[in-house]
Amino acid sequence: MIGIEDVQAAAARLEGVANRTSVLRSRTLDGLAGTEVHLKAEVFQRGGAFKFRGAYNRISRLTAEQLRQGVAAYSSGNHAQAVALAARLSGTSA
């Protein structure tokens, strides 16, 4: 089970690497939903998606031997882009 310590450790690993993206509001969506709607602007994240956080968090925890072997992702979309970027930043191939 993931605990608060895991979240805090991931946040520390991502500090200075991942972008802090804005939370936006929309009066139009608020009106349509009948409540406050908050939008996380992950389009401004590195790689254009929130998936960079997960990819970097995992790849940055690999051992030196694992990094020498490289990483792979079964994706051709934004997860693959996130893995490729995280791999480059971690000094390995993807």
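By convention here, each chain's residues receive numbers from 1 onward along its written sequence. pLDDT decides what is reported in this predicted model: residues at 70 or higher carry local features, side-chain atom pairs at 80 or more are listed and counted, and totals for whole chains, interfaces and linings draw on all residues regardless. Derived side-chain values reflect all non-hydrogen atoms in the structure, with water molecules and hydrogen atoms excluded from consideration.

Enquirer: How do you make sense of the pattern of salt bridges when you look at a structure like this?
Expert: Side chains that differ in charge, positive against negative, can pair when their charged atoms come close. Salt bridges are identified by distance alone: a Lys or Arg side-chain nitrogen within 4 Å of an Asp or Glu carboxyl oxygen. Under the counting rule described, the total for this entry stands at four salt bridges. Asp30 is the partner of Arg25 in a salt bridge, and the nearest nitrogen-oxygen pair spans 2.3 Å. In this structure Arg25 comes out as partly exposed when scored by relative accessible area, which is 44%. Note on classification: 1.4 Å probe, protein chains only; a residue is buried when its accessible area is under 20% of the maximum for its type, exposed when over 50%, partly exposed between these limits.

Enquirer: Any chance you could explain the side chain of Thr21 here in plain terms?
Expert: Looking at the secondary structure, you find Thr21 in the loop between α1 (4–14) and β1 (23–25). Polar contact criterion, stated in full: a pair of N or O atoms within 3.5 Å, where within protein one must be able to donate a hydrogen and the other to accept it, and residues adjacent in sequence count only if both atoms are side-chain atoms. Here the side chain of Thr21 touches Glu42 through a polar contact of 2.4 Å, side chain to side chain. Whether two residues are in contact is decided by their heavy atoms: any pair within 4.5 Å suffices. For Thr21, the contacting residues outside a window of four places in its chain are Lys40, Ala41, Glu42, Phe44, Gln45 and Arg53. Here a helix means four or more residues in a row that DSSP labels H or I, a strand means two or more in a row labelled E, and each is numbered from the N terminus.

Enquirer: Please clarify how a nonpolar patch on the surface should be interpreted in this entry.
Expert: Only residues whose relative accessible area exceeds 30% and that form no salt bridge enter a patch; like-charged residues are grouped when within 9 Å of one another, and nonpolar side chains (Val, Leu, Ile, Met, Phe, Trp, Tyr) when within 5 Å. The protein chains shown are the only cover counted for residues, whose accessible areas, like all others here, come from Shrake-Rupley with a 1.4 Å probe. Among the surface-exposed residues, Leu24, Leu29, Leu32 and Leu39 lie close enough to one another that they form a single nonpolar patch of about 360 Å² accessible area. As for its position among the elements, Leu24 is in strand β1.

Enquirer: Which parts of the structure should I look at to understand the environment of Arg88?
Expert: By secondary structure assignment, the location of Arg88 is in helix α5 (residues 78–90). Counting along the chain gives 22 residues from Arg88 to Gln66, while the straight-line C-alpha distance between them is 14 Å.

Enquirer: Looking at this structure, how should I read the side chain of Ser26?
Expert: Checked against the element boundaries, Ser26 lands in the loop between β1 and α2 (27–33). When its relative accessible area of 17% is taken as the criterion, Ser26 is described as buried. In this structure the side chain of Ser26 is engaged in a polar contact, spanning 3.1 Å, whose partner is the backbone nitrogen of Leu29. Every residue in contact with Ser26, bar those within four places of it in the chain, is listed here: Val37 and Leu39.

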